[in-house]
Structures are given as C-alpha cells and as structure tokens.
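Structure assessment
Residue-level listing of the chains:
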Amino acid sequence: MNNNNSNINHNNNAGSFYFDLTLFTDQGALRYLFFTLCMLLYAAIVSANVFMIVTICLERSLHQPMYIFISCLSVNSLYGSAGFFPRFMVDLLSDTHLISRPACFIQIYVIYTYASYELTILSVMAYDRYVAVCQPLHYHSKMSFRVVRNLLIIAWFYPAFAVGLCVSLAGCLPLCGNKIHRFFCGNWSVVRLSCVDTTLNNIVGRFLTITTIFLPLIFVLFTYLRILLVCRRSSSEFRGKALQTCLPHIVTFVNYSISIFCQLLLSRFEPDEINPLVFVVLSLEFVIIPPINNPLVYGLNLPQIRGIIFKILKIPKTVPAG
C-alpha cells in the first residue's frame, strides 16, 4: 500500500514538472508560414533596437539623458523579446507544447520584469521631459549624470525585486493541474492552478500591479498635465518645440498603456469567454508591438536621431521648399 501511494505521488510530481500551453493548435503546413513571419519580425525587432543602441552609443551628440533613456528602452525591448520569441517559435513547430516548471517561471520573470521596466523607464523619461520643459534653467543640475544613473538604478532594481518576490511565492505553491491556457507562462495562470489558499499571492500581486503599473501611469499623466499647463501660457514657438520632443514619448506611452491594460484584462478571462481571434491578438500584442514600435517612433520622429540615421545610411535629407 505504501509503495502504491509513493508511486502516485511520484507520478503527480512528474506531471507537475511540466506545464502544457494549451492555446497552441495544430496548424498543419501553416505552422511554417507563421514561424517564418515570427522569425522575420523577431529579426526586425533585434536589428532596429540594436541599431538604435549602437547609434546612440557611437554618436557623442546623443550622449544626453533623453537619448540614454531611449537606448534603455531598446535594451528592454531586446530583453523582453528574448524572453518570448525563441520559445514561441519552437512551440509553433512543435507537436507538443510542454514547458518545464523552471523554464516557465524564468519566462514569467523575464516577461513581467520587461513589462515593469518599460513603465519605470517611461516614468523617468516623463520626469526628464517635465524638467526640460517646465524648469529649463535647472535642467543640467537636476538631470546630471549622477541623477540619471540613480534614476536608472531605481527603474531597474525595484521591478527586479518586486517581480522576483511575486514569482518566488508562485513557485512555492503546490499545484493541482498543469494546463495554462496561454501562449506563454503567466503568474496568475500558474497561481490559479494551486491546491491551497492563494490570499498572500493575490495581495502581493495587487501590490506589484499598483506600484509597477498604476503609480508610474499616474506619475506620467501628472507630469504631462504640468507640461500642458506650461505650454498653454507659452509662445507658439515654445509649444512647437515642446511638442516635438514630447510627442514620441506620448505615442509610446499611449501605445504601451493600451497594451498593458489589455493584458491585465485578458489575464482574468478564459479563452472560451472571448472571441478566439481577439484573444490571440490581445495576447500577442503585449510582447510584439512595443518592441518594434519604440525604435520606429523615436528613430523617425526625433530629428537628432533621424539625422544621424540618415547620415549612417547615406540617405539625403529633404530640404523644405522656400
């Protein structure tokens, strides 16, 4: 009898060592088309972001706080993409979609820290634009190299610690299932499989959501409200210059805010409760659009970066008539 019980426990432990990502379906020959498209998209994301980082590093005129923050966004895009695309492309070609427990928690950590880093970096960039527009005479003292370094340390360190705590709590839970109805591992998807009470996980998860998502969003909105009030009292020339430097950040912020809210909303639903196409699009938009959006928005909209890119690529700049 004891031997039978030990065998059952052994089998349960073996089964719980792997998670089954159930959203993948048999696409037949189409899997090769989807794999090729994903590979091209991943190559484009890597190329565009590496190009941005190299351009900013090599061009001394871009060694300023705003461009340093932009290069950090590109580094984060590479980091988040590496946590999603390689595994996703393997699953597209595979007949089974099992992911080991350690690999699943590593993916959760990478994707969640990527999401948190994006918002903390955008918050730091919002503060940079606030000082530049609202307190231009104090910009160099308030955004010194030391201040920039400390802001980036906080922006990287806090999410790494907070997400690490959340993931480690989920990793300690005994699980009564192994099916995750997603394309990639998510913390809430794993917690829902628990056999025991998850009150502590829910509290820590909500605290993490508030501090790494909602507080940065509120801070960015507050800084741009202040910038808007200053622009209203300023000349049209000043408003034009402020808009030119702030517009890429606003576009990136709005795009990412929509992505993160869709992901938060999606985490509370099952696939069969939403239109399948909508569910797939919203699931993947979070990890696909921002990494390719950032280099395009900043590279094409900021004249300083655009000029350097045209110079490197030997593209003649068009001169306005008159």
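Heads up: the structure comes first, above all this text.
Cut-offs used in this document
- Residues numbered from 1 in each chain as written.
- Predicted model: local features only at pLDDT ≥ 70, side-chain atom pairs only at ≥ 80, totals over all residues.
- Heavy atoms only, no water.
- Phe/Tyr/Trp six-rings, centres within 6.5 Å; stacked < 30°, edge-to-face > 60°.
- Helix = DSSP H or I, 4+ residues; strand = E, 2+ residues; numbered from the N terminus.
- Salt bridge = Lys/Arg side-chain N within 4 Å of Asp/Glu carboxyl O.
- Buried < 20%, exposed > 50% of the residue type's maximum accessible area, 1.4 Å probe, protein only.
- Expected span 1.5 Å × (residues − 1).
- Bend = angle between axes of the 7 residues up to and from the residue.
- Patch = residues over 30% accessible without salt bridge, like charges linked within 9 Å, V, L, I, M, F, W, Y side chains within 5 Å.
- Areas by Shrake-Rupley, 256 points an atom, 1.4 Å probe, with all protein chains shown as cover.

Throughout the structure, instances matching the rule amount to 13 aromatic pairs. For the pair Tyr-79 and Tyr-117, a centre-to-centre distance of 6.0 Å together with 45 degrees between the ring planes defines the contact as tilted. A residue pair is termed long-range when its members are at least 10 positions apart, and Tyr-79 in helix H3 (residues 65-93) and Tyr-117 in helix H4 (residues 101-134) qualify at 38 residues. Aromatic ring contacts, followed pair by pair, group Phe-24, Tyr-42, Phe-84, Phe-85, Phe-88, Phe-183 and Phe-184 into a single cluster.

Take the pattern of salt bridges next. The full count for this structure, using the stated rule, is four salt bridges. A salt bridge links Lys-179 to Asp-20, with the shortest nitrogen-to-oxygen separation between them at 3.4 Å. Of this pair, Lys-179 sits in strand E3 (residues 179-180) while Asp-20 sits in strand E1 (residues 18-21); the two residues are 159 residues apart in sequence, bridging distant segments of the chain. Judged by its relative accessible area of 46%, Lys-179 is partly exposed. With its nearest N and O atoms 2.8 Å apart, the salt bridge here joins Arg-129 to Asp-128. Residue Arg-129 shares its accessibility class with Asp-128, and that shared class is buried.

Turning our attention to helix H8 (residues 199-232). Spanning 34 residues, H8 covers 48 Å between terminal C-alpha atoms, matching the ideal 50 Å at 1.5 Å per step. Along its length, H8 shows its largest kink, about 35 degrees, at Ile-210.

Judged by side-chain polarity, Leu-30, Leu-33, Phe-34, Leu-37 and Leu-40 come together as a nonpolar surface patch covering roughly 460 Å² of accessible area. As for its placement among the helices and strands, Leu-30 is situated in helix H2 (residues 30-58).

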